[in-house]
Structure formats: C-alpha cells, structure tokens
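So the chains spell out like this:
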Amino acid sequence: MRIPIFIQYLSILIWLLPPIRQYKTQYFTFFLILALFDPILYSAYLSFGIHPLQFYPIMTFLLIISLSNIKKQFLWIAASLVILILSYVYQNDTERLYDLCIILYSIVLYQIINKLMQIIIQERLLNLFLSLLIFYALINELKFIAIALDLYRGAISYYLATFTQIFFGIFFSFITISTKNYPLPSKLS
C-alpha cells in the first residue's frame, strides 16, 4: 500500500473519533462534518471519479455555518446558493476552486480566532481546545495555499500536513472546549 493512501485511510479512521468525544458540545457539528466529509469524498472519487476538490467549498461553508452564531435562515440559504453556484461554475477551474477554498477556510480560521479572543478578553483565560483548533485550521489553510502555489510540491505538503492532522484528531478525541483553561496574568510586568 502506498504511503499517501495509508495516510488517507488512517486519517479517515482517526477523524471518526472526535465527534464521539465532542457529542453534546457546541463543536459537535463541526467535528461531525470533518469526520464524515473525507469518507464521502473518497467514496465519491472511487465510485464516480468526482474530484474531491469540487466539494471542498461546500464542506468548508458547512464548517463556517457550524461555527457561526448567526441564526437567520435566509442569510444561510442565500450564502449556500452562492457557494453552490461558485462551486459549479469553477468545477473545471482548479486554480479558482483552490482560491475559493482558501477564502472560505480563512473565514473558518477567523471564527475560531475570534472565539479564542473573546475568552481571553472576557475571562482572562487561554483555552487549550481553541488554541489547538486554531493550529489545526491553520494547517488546513496552509495545505490549500501550498497546492495552489505549486501542485507537485503542494501535494507533498498536503500529505505531510494530513499526517500531522492525524495527531490533532487524536487530541480532539480526548479534549473538549471545557477541558483546560490557563489563566492569564492580569498585568504584564
């Protein structure tokens, strides 16, 4: 078995665990999307030859919705239609699909950073879970950027990043948003 395929299967198996640990937390949907999307994409690729990149904008948009505090259905329906249309229009334009994924994943990263900053400002605590989630999202963002810049070297970076993210899957199988907070000093000396 080739190493990239082994990494892909191992990643899929490991990422099925975090939704179990995150059940009944505010991040359950986020981890459920992450856990289900890779097996679905891989199956669609093997069964129908559909390139997984065509669905990444939709998956990333679902991650944005899962992290959002906005509950207005009309806004999400309109935004969903825009993402679907863009995914369809750019389905054969790999470069634009990568650009769209980078933009959407930047929004995911911003949302997570924003949540961490709110906890830091309001409670003077550094949350371990959100800190790790930021690093995970940053690695995901960098995977798309690396491939968009150079397909060959980007593919190598993609598999290295995926291998690294396996460890994040293990971490998120044990920790939740309420696992550990580290108090920050009230005054900087």
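Residues numbered from 1 in each chain as written. Predicted model: local features only at pLDDT ≥ 70, side-chain atom pairs only at ≥ 80, totals over all residues. Heavy atoms only, no water.

The subject of this paragraph is the packing of helix α4 (residues 56-67) against helix α6 (residues 94-123). α6 packs onto α4 with a crossing angle of 15 degrees between their chain directions and a minimal axis gap of 9 Å. Taken together, the axis directions place α4 and α6 in an arrangement best described as roughly parallel. The handedness of the crossing between α4 and α6 is left-handed. Residues Tyr56, Pro57, Thr60, Leu63, Ile64 and Leu67 of α4 touch α6, and the partners they reach there are Leu97, Leu100, Cys101, Leu104, Tyr105, Ile107, Val108, Gln111, Ile112 and Lys115. Taken together, the residues that form the contact of α4 with α6 break down as 13 nonpolar, 2 polar and 1 charged. (Axes fitted to C-alpha atoms, helices over the stretch in contact; angles between N-to-C directions. Helix = DSSP H or I, 4+ residues; strand = E, 2+ residues; numbered from the N terminus. Parallel < 35°, antiparallel > 145°, perpendicular 65-115°, else oblique. Left-handed = near helix turned anticlockwise from the far one by under 90°. Contact = heavy atoms within 4.5 Å. Nonpolar A, V, L, I, M, F, W, Y, C, P; charged D, E, K, R; others polar.)

Attention now moves to the packing of α6 against helix α7 (residues 128-149). Where α6 contacts α7, the axes come no closer than 9 Å and their chain directions differ by 165 degrees. Considering the angle they form, α6 stands roughly antiparallel to α7. Both α6 and α7 take part in a crossing whose hand is left-handed. Among the residues making up the contact of α6 with α7, the classes are represented as 19 nonpolar, 3 polar and 2 charged.

Another aspect to go through is the nonpolar core. Within the largest apolar cluster, 46 residues are counted, with the highest numbers of intra-cluster contacts made by Phe31, Phe129, Leu130, Leu133 and Phe172. If you list the elements that add at least two residues to this core, you get α3 (28-48), α4, α6, α7 and α8 (151-172). In terms of residues, this core owes the most to one element, α6, which gives 13 residues. (Core = buried A, V, L, I, M, F, W, Y, C linked by side-chain atoms within 4.5 Å. Buried < 20%, exposed > 50% of the residue type's maximum accessible area, 1.4 Å probe, protein only.)

This next bit is on the side chain of Gln22. As for its placement among the helices and strands, Gln22 is situated in helix α2 (residues 18-22). Looking at Gln22, the relative accessible area reads 0%, which means it is buried. Side-chain polar atoms of Gln22 contact the backbone oxygen of Ile175, separated by 2.7 Å. Setting aside its immediate chain neighbours within four residues, Gln22 contacts Tyr27, Phe28, Phe31, Phe129, Phe172, Ile175 and Thr176. (Polar contact = N/O pair within 3.5 Å; in protein donor to acceptor, adjacent residues only side chain to side chain.)

In the predicted model, the chain carries a mean pLDDT of 83, and 89% of its residues have values of at least 70. Averaged pLDDT values over the elements of the chain bottom out at 70 in helix α5 (residues 73-89) and peak at 94 in α2. (pLDDT = per-residue confidence, 0-100.)

Before going further, it helps to examine empty space enclosed by the protein. With a probe scaled to a water molecule rolled over the atoms, the places where space remains empty come into view. This structure, assessed with the given rule, holds 1 cavity of 30 Å³ or more. Around the largest cavity sit 14 residues that line it, and Asp38, Tyr136, Asn140, Lys143 and Gln165 are the ones nearest its centre. Counting only elements with at least two residues in the lining of the largest cavity, the list comes to α1 (3-14), α3, α4, α7 and α8. If one sorts the elements of the lining of the largest cavity by residue count, α7 sits on top with 4 residues. Of the residues belonging to the lining of the largest cavity, the class tally is 7 nonpolar, 5 polar and 2 charged. (1 Å grid on protein atoms, 1.4 Å probe; cavity = no way out; pocket = protein on both sides within 12 Å on 5 of 7 lines; lining within 4 Å. Points joined across faces, edges and corners; volume = space filled by probe spheres on them.)

What follows covers α4. Here α4 is 12 residues long and its end C-alpha atoms lie 17 Å apart, about the 16 Å a rise of 1.5 Å per residue gives. The element α4 is largely enclosed, with a buried count of 9 among its 12 residues. If you check which residues of α4 are buried, you get Tyr56, Pro57, Met59, Thr60, Phe61, Leu63, Ile64, Ser66 and Leu67. (Expected span 1.5 Å × (residues − 1).)

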